[in-house]
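Chain and residue survey
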Amino acid sequence: MVSNIETSCSKPDIQGYYVALESLLKDYLRKCFHTNFSSSRALHTMLPDLGDSVTDYFKNVSETFKDSESVEVVPTFVPAAQINSEIEFELEHNLTNSHDGWVLDPMGMGSIFNFDGFQDLTTIVKPAVIASNSSDIIKWDDVHPYFQNTSTFYDSAQRKFLVVTLPLDGNIKLLYYRRDIFEANNLTVPRTWEEVVAVASALNKLGVQGPDGRPASPFCFDRRKDCHQSYFDLMSILAPYMQYNGSSQGVIFEPSTIRAFDRNPALVDNPAMAKALTLYATLIGLSPADYKVEDKCDVVGAAPADAGRAMAQRFANGTCLMGVALGDFFKAFKTSAFRGKLGVALMPGSFEVLNRTSNQLVPCATDTCPFGTVVPALPGPQPQAADAGSPTITRVLNRAPFAAGGGWVAAVNARTPNDYRNYSISFFAHLASPAESWQRVLLPESTFDPYRLEHFSNLARWNESGYEPADTAAYLARANESFSHPNIVLDLRTPGTKLFRDIYESGLANLTTGSSVDSVVALMNQTFYKLLLDPQQKQFRSLLADTYLATINYNNIQNLNGTAGGDGGGGGGSPSWLPIAIVLPTVGALLLIAAGVVYEVRNNRKHKNLFGKVVPPGVGPDTTILVTEIQDYNQIVEALSSESVDRLLKDHNDCLRRLLLRHSGYEGSCEADSFVLAFHSPKDALLFAMEAQAALLNVSWPEELLSLGCCSQLWVQGIMPTAKPKALDDILDVSDEPITPAGASKIKALTPGLGSHLDGHGHGHYGSSGATLPSLVNVPATETYTFSNACRRAWKEASKEDSNKVRIFCGPRVRMGLHAGVHSEHDISHSKADGGRTTYSGDTVVLARAVAQAAHGGTVLLSEETYKKLPLERLWDKYLVLHMGEHRLRDTLPNLNLYHALNRTLEGRLAYVGPMTSLLQVDPGVLDAPVGCVTVAFMNVVGAQTLLSWNADVAQQAIKIFHTVVGDELKRRKGYLVEAVDGLFLAAFQRPSDAILWALECNEAMIKQDWPEDLLAHELCEELVISAPTKEGEVINTVVFRGLRLKTGVDTGQVLGEVHAMTGRMTYRGKVMNRAARIASTASTGQVLCSSDSWQLAMSADSQVMLANKVSGTSLGQFRLKGVAEKIEIHHCRKVSNVAPARRASSLVMSMADHWKWEQHLSGHGGGGGMGAMGMGLNGNGNGGMVGNGNGGMGVGMGVVGPEDVLLGGDSLRGNMLSPRSFTRGTGSFRQRQGSDPHLDAANAAHLGIELAADDN
């Protein structure tokens, strides 16, 4: 037995080490003690990280349960915002080491139900079925009926209702106000949202003083998009206008059309939404203004419904005077200076509702709003009528309390072994018991609100815990009344809930930064339309319909009595036999999983041995080495006393070692200021590095250290533009349709959170698809900056006393380098002398150290091998990963692409990141990307798709050469690669001259490449040689085309630059993207076309460079391009040939108007074959771009052309090849080669009124 254990321990990296050792010990104990140890492991639960107080509570409950049940409970704490995705991952992949139960956010229940992983708890909660200890503990009858109903779902296979969750929390939105201020100023509690605005405006005029001596804000809306409160606030306003026939009518989607795949069921394009947006914008303007849309939320990782609790402190300290919130406003008043002065009311309602048939707002009436209440038409106390018999004028008020989020619930994993299902049931029954529920809801810092009947009735228990009696009575009465309201609005619990919330939040972010209500409605409606009417999303639409219709129905509430709803349709009145919270979808629906975001579950014991120590990572591609170093360590040692140096190292080492075990990291070695750490995966290494950078800020460093410039504290503030930001509609053209450049695979477009769908503006988002992070920070519309310079402009140094400051440095700046992949056992050594320590060496450590030494202090750098193995789809919302370019770190090492990982809370560090410390930066990174006014170039390979269809292998080989060549030219011209896919190369430049020269030089470079012979045999790529005589009579052969042929469009303008969360590269949106792509699609083979803006900027800013490179530009006139509202003047750019063409014996000159007359004349006759012949001669089949059609037209498929539409060829030789006429910009005339058109004689010219002049120039 001992030898078996020793054998297992000697190979710490073998697969199944823990399981094998556990099994050996189990057998040993069974043999020694003749006992069957049925519980061979602890009970593993997954719980949300809701802050220190709640985490400590969960830990204590786990310990208490262990003592009473003799079962160890090991909780795994997951950021609250991610817990649902963690559960989805476990169920989707059926992990053998998954958790036995979870506490989850109801938002994701619609998706989680797809996996059939929830244990039926019906017999546990209902004593009438079976009297069990668990049911006695839970006391189900004491749970509010609303939460009893929302914990059930209908299993269509079993044809019965099942209870699958145990409620632990109760969320409901209420209206809070300062009762003392209302009474002192004779203000009436608002009943409608219009009255809310009126009262808030009155408070604004009163100028009530806040805690800082400045006037308090009358309202408490949090405008920060990162806090995810805007969706809940909008729904709170929208609810009474939209839902009036009971909970089954719904607010988000129209039930009667949600199954109609040809209709958009989203309730967005209607006057109720427009009114709600208008009210929201008004109240945002009356809320604290120091919060900005782009500011980070100070409640990191919280579930969306809980992230708004930060505003509670502002309400409690008097910074704002009225607001809508969950129970956090009440709890914050426990310690408020205004304790005892809290007013609480039901959510405001409305006197008018949306008739969903006519799509108009109509007055509420008793038949229209069956759950409305009759109230006086005017607010406040009603005056006594002179005639006692005169009736009081009344109106019907519709209220619709919004259960935002729904509240945390517990569920048991049905797939865990039977013993552990029972343990899990017992644990969560204990957690859901009345005694434990009181512990949670009474915690002032907790996010748990009352949900049991006893919570609402036992005021004494609240008062004993220190809550003020009057405040408590008001809060509990309104919360209980809201949960019992027959028109309560249920929050979304469907697949894609987060996606739908993101659509609303993106629209509201635009609204609060200058966009109009109409444009926001159009934006949101168009996004829903494209998502829900996408033919490829039918399966999702079906699942959405099933789940949504189920989640807006529940039992034992009055609106489920089968009564018909009022006018306007839209559901209402659910059948009494359908007490459904969630319906179990069909097997086919299981195929639809929220794509792109999956989470890998790691419980506390993974990578640890039986005694809790981390198993040293072994050989493998995922083993990641992390090297840390303190920047300027030698200078610090020289400047400090030995005592301060010792303390520095102790505090530094203790901080890192405390975090190491949490992330299953192993300390390989430590020398002075440097650690070599090993992790089992890149993700573990990254999470350690991110947490370490934040933790180092909070160490109590010695003052002597902080007095050094390289270790001092540094606070920064975000700088906002002094001028009003440019509206998105000025940058993005809402009317534009996305385009796909010719010869390229479709460029994916994106709305953040929608994956590879179209953005809300119907506009191309160029770069890879995925979530993005805005980078257009305080950059003037007419100026161009690198992203690095823009970051420096976005933050300024601040003092500790400044408001809204962020501390980004404090103490030693520790740099970290990560590299993944240990491939040789020789790189791992096990030392028995040093306590069995494992050390690491070899190439991986060398690379990791080189990466670390390239970093600045406070920077975490990743090698490309590390970056590629990170699950960024689950990390991007907390961390930034930026591509820093390709670098040569050492002469003995290969070039590496480096990535900078950064905690979002420390974004201010971007303002202080300089160039990497490398021997050579081979390729630019995202910090070098241009933002602001940018020149964009779309380069297409002519006929790329045709070539790929013809011979994929040869075409791919050629495209690889194309990417290499144009990429090298791009580096030379200091351009930034945005996207390279198949036959498309998209680049951005700070200067238009660089873009034009890049395109022209790429054309020249194509001729010189060593192309495959098979490619050169193809008509699209064959070599074309033109013979031209010189003045001396010699004949020079010039290669015009050889290999792949290109065409390029260039334009300059303002872009919305965003850092792509998956690639770390810059992506761009804006009108300029569409214009450049359209210009490229207009170009002929070999042409480089640019807008007049680009040409004029190039000639004004870099005229000498353009002249030195012999670049000329010819205006081709004004063009109306598809998807572009205004006409654009296009210039044809070319390099002047060093070889003069043969002098023409004679030519004729005509004006542009006369040229147009002649073309019109030719289009009506059968002659004019010269143009077609020249087109055919270009590549043998007329595919050379401006292809002739045999009758004098300008090209196949172009239709009738006008004088603005005439395009010429590439250089002078190509121009002569493509057309017998050439345009002279200086005289504004066309030159016709003598004899090239036999139809153009003196008689025809006179007949048409064309003036011809001899020209021998």
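Each remark here, short or long, concerns the structure printed above.
Bear in mind the structure is a predicted one, so any value in this text is a computation, not a measurement. Sequence order sets the numbering: in each chain, residues are counted from 1 along the sequence as written. Per-residue local features of the predicted model are confined to residues with pLDDT of at least 70, and side-chain atom pairs are confined, for both listing and counting, to 80 or more; whole-chain, interface and lining totals are unaffected and use all residues. Side-chain measures here rest on the full set of heavy atoms in the structure, leaving out hydrogens and waters.

Looking at the pattern of salt bridges
Defined as follows: Throughout this description, the term salt bridge denotes a Lys or Arg side-chain nitrogen within 4 Å of a carboxyl oxygen of Asp or Glu. Only runs of H or I of at least four residues qualify as helices and only runs of E of at least two qualify as strands under DSSP, and these elements are numbered from the N terminus. Note on classification: 1.4 Å probe, protein chains only; a residue is buried when its accessible area is under 20% of the maximum for its type, exposed when over 50%, partly exposed between these limits.
In this structure the tally under the stated criterion is 29 salt bridges. A salt bridge links Glu667 to Arg657, with the nearest nitrogen and oxygen atoms 2.9 Å apart. Note that Glu667 is positioned in strand S19 (residues 665–671) and Arg657 in helix H24 (residues 642–660), a separation of ten residues in sequence. Given a relative accessible area of 14%, Glu667 falls into the buried group. Of the residues examined, Arg657 reaches a relative accessible area of 37% and is grouped as partly exposed. A salt bridge links Asp1051 to Arg1075; the shortest N-O distance between them is 2.5 Å. On the criterion of sequence distance, the pair formed by Asp1051 in strand S38 (residues 1046–1054) and Arg1075 in helix H35 (residues 1071–1082) is long-range, its members being 24 residues apart. Taking the relative accessible area as the measure of exposure, Arg1075 reaches 12% and is therefore buried. Shared partners join several salt bridges into a network, and the residues in it are Glu969, Arg972, Arg973, Asp994, Glu1001, Glu1004 and Lys1135.

Notes on H35
Worth spelling out the cut-off: Take the residue count of a helix, subtract one, and multiply by 1.5 Å to get its expected span.
A rise of 1.5 Å per residue sets the reference length of H35, with its twelve residues, at 16 Å; its end C-alpha atoms lie 17 Å apart and thus fit the reference within 8%. The element H35 is largely enclosed, with a buried count of nine among its twelve residues. Val1072, Met1073, Asn1074, Arg1075, Ala1076, Ala1077, Arg1078, Ile1079 and Ala1080 are the residues of H35 that are buried.

Considerations on the state of the cysteines
Quick note on the threshold: When two cysteine sulfur atoms lie within 2.5 Å, the pair is treated as a disulfide.
Tallying each qualifying case throughout the model produces two disulfides. Between Cys220 and Cys320 runs a disulfide, and the two sulfur atoms are separated by 2.1 Å. One quick way to see it: the torsion about the S-S bond of Cys220 and Cys320 is about 115°, and its sign makes the bridge right-handed. Note that Cys220 is positioned in the loop between helix H10 (193–206) and helix H11 (230–242) and Cys320 in the loop between helix H13 (310–316) and strand S8 (322–325), a separation of 100 residues in sequence. Residue Cys220 shares its accessibility class with Cys320, and that shared class is buried. Two residues share a disulfide in this structure: Cys364 and Cys369, whose sulfurs sit 1.9 Å from each other. Taking the sign of the S-S torsion, about -95° here, the bridge from Cys364 to Cys369 comes out left-handed. In terms of burial, Cys364 and Cys369 fall into one category: buried. Not engaged in a disulfide, the cysteine Cys810 finds its nearest cysteine sulfur in Cys711; these two sulfurs lie 9.5 Å apart. Note on Cys1090: no disulfide assigned, nearest cysteine sulfur contributed by Cys1133 at a separation of 3.5 Å.

Overview of unusual backbone geometry
With phi around 55°, Lys139 is a residue other than glycine that occupies positive phi space. For Lys139, the location among the structural elements is in the loop between helix H7 (133–138) and helix H8 (145–149). We note that Ser664 has phi near 55°; this positive angle belongs to a residue other than glycine. Positionally, Ser664 belongs in the loop between H24 and S19.

A word on the sheet that holds strand S9 (residues 342–345)
How we decide: Two strands qualify as a pair provided DSSP detects at least 2 bridges between them. Every angle, taken between N-to-C directions, lies between 0 and 180 degrees, and every axis is a line fitted to C-alpha atoms, over only the stretch in contact when it is a helix.
Spatially, the three strands line up as an open sheet ordered S8-S7-S9, and their pairing is antiparallel. Looking at which strands have only one partner, the edges of the open sheet turn out to be S8 and S9. Taking each pair of neighbouring strands and ignoring which way they run, the sheet shows an average axis angle of 25°. Where strand S7 (residues 174–178) lies against S8, four bridges are found, and the strand directions are antiparallel.

Describing the sheet that holds strand S30 (residues 879–888)
Keep this limit in mind: By definition, residues are in contact when any of their heavy atoms lie within 4.5 Å.
The eight strands are arranged S19-S20-S18-S26-S29-S31-S30-S32 in an open sheet whose pairing can be described as mixed. At either margin of the open sheet sits one strand with a lone partner, and together these are S19 and strand S32 (920–923). On average, each strand axis in the sheet is tilted by 30° relative to the strand beside it, whichever way the strands run. Packed onto the sheet, helix H25 (residues 682–696) meets strand S18 (620–630), strand S20 (674–679), strand S26 (814–822), strand S29 (860–863), S30 and strand S31 (896–903) and runs at close to 175° relative to S26.

Any link to function would need more than the numbers given here.
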